[in-house]
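# A closer look at the structure
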Amino acid sequence: MEILGTSLRICVDDLESAVDTYERLTGEQAQRFSQAGVSVAAVGCFLLMTGPPQTLDVLRRITATLAVKDVAEAYATLRSVGAEIVAGPSETPIGRNMVARHPDGSIFEYVDRRR
């Protein structure tokens, strides 16, 4: 499985203020989407998220988001090393994703961008 990049997950109360800050820091425009009641803005390597507190509590448990070439390939590799697939694979507005708990207990989201 080839890991193409990593995104840092940041849960925020005020998405608009955070987007302004991170766009200025990175010099990049935010790409926005919503999923399962959570509003997301991807700015450079940062994923800014806001939504209901109980949902954000779950999202905070995920260490990072890893971009991969193909979620199906990542699924097979993760299962072969004993990882537990916690959610997915699922279609999202920008591709497919899944969440996996590694044998050491770390939790990561894996995404591929199909659009």
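In short, a report on the structure. Keep in mind the model is a prediction, meaning the values are calculated, not measured. (Residues numbered from 1 in each chain as written. Predicted model: local features only at pLDDT ≥ 70, side-chain atom pairs only at ≥ 80, totals over all residues. Heavy atoms only, no water.)

## Remarks on helix α3 (residues 71–80)
Residues of α3 that are buried include every one of Val71, Ala74 and Leu78, and no others. Buried residues of α3, viewed axially, fall in a sector of 55 degrees; they line one side. Buried residues in α3 make contact with β5 (64–68), β6 (84–92), β7 (95–101) and β8 (107–113). Looking at where α3 begins, the residue whose side-chain oxygen comes 3.2 Å from the main-chain nitrogen of Ala72 is Asp70. In the stretch just after α3, Gly82 is the one whose phi turns positive, near 90 degrees. (Buried < 20%, exposed > 50% of the residue type's maximum accessible area, 1.4 Å probe, protein only. Helix = DSSP H or I, 4+ residues; strand = E, 2+ residues; numbered from the N terminus. Arc of directions from axis to C-beta. Contact = heavy atoms within 4.5 Å. Polar contact = N/O pair within 3.5 Å; in protein donor to acceptor, adjacent residues only side chain to side chain.)

## Let's talk about the environment of Pro52
Its place among the elements puts Pro52 in the loop between β4 (46–50) and α2 (53–59). In this structure Pro52 comes out as partly exposed when scored by relative accessible area, which is 29%. C-alpha separation for the pair Pro52 and Val86, spaced 34 residues apart in sequence, amounts to 20 Å.

## Observations concerning the sheet that holds strand β2 (residues 31–35)
Spatially, the 8 strands line up as an open sheet ordered β2-β3-β4-β1-β5-β8-β7-β6, and their pairing is mixed. A single partner strand is all that each edge strand has here, and the edge strands are β2 and β6. On average, adjacent strands in this sheet sit at an angle of 25 degrees to one another, irrespective of strand direction. Of the pairings in the sheet, the one linking strand β3 (residues 38–43) to β4 comprises 5 bridges and is antiparallel in character. Looking at the pairing, Val40 lines up with Met49 of β4. Running at roughly 170 degrees to β4, helix α1 (residues 15–26) makes contact with β1 (3–11), β2, β3 and β4 of the sheet. (Pairing = 2+ DSSP bridges. Axes fitted to C-alpha atoms, helices over the stretch in contact; angles between N-to-C directions.)

## A few points about the pattern of salt bridges
Tallying each qualifying case throughout the model produces 7 salt bridges. Among the ionic pairs, Glu16 bridges to Arg32, the shortest N-O distance being 3.0 Å. You can see Glu16 sitting in helix α1 and its partner Arg32 sitting in strand β2, a full 16 residues away along the chain. Taking the relative accessible area as the measure of exposure, Arg32 reaches 45% and is therefore partly exposed. The salt bridge involving Asp20 is made with Arg24; its shortest N-O contact spans 4.0 Å. You can see Asp20 and its partner Arg24 sitting in helix α1, 4 residues apart, about one turn around the helix. (Salt bridge = Lys/Arg side-chain N within 4 Å of Asp/Glu carboxyl O.)

## Thoughts on the environment of Val111
Of note, Val111 is situated in strand β8. Separated by 31 residues in sequence, Val111 and Ser80 have C-alpha atoms that sit 18 Å apart. Discounting residues that sit within four places of it in the chain, Val111 has contacts with Thr65, Leu66, Ala67, Val68, Val71, Arg96 and Asn97.

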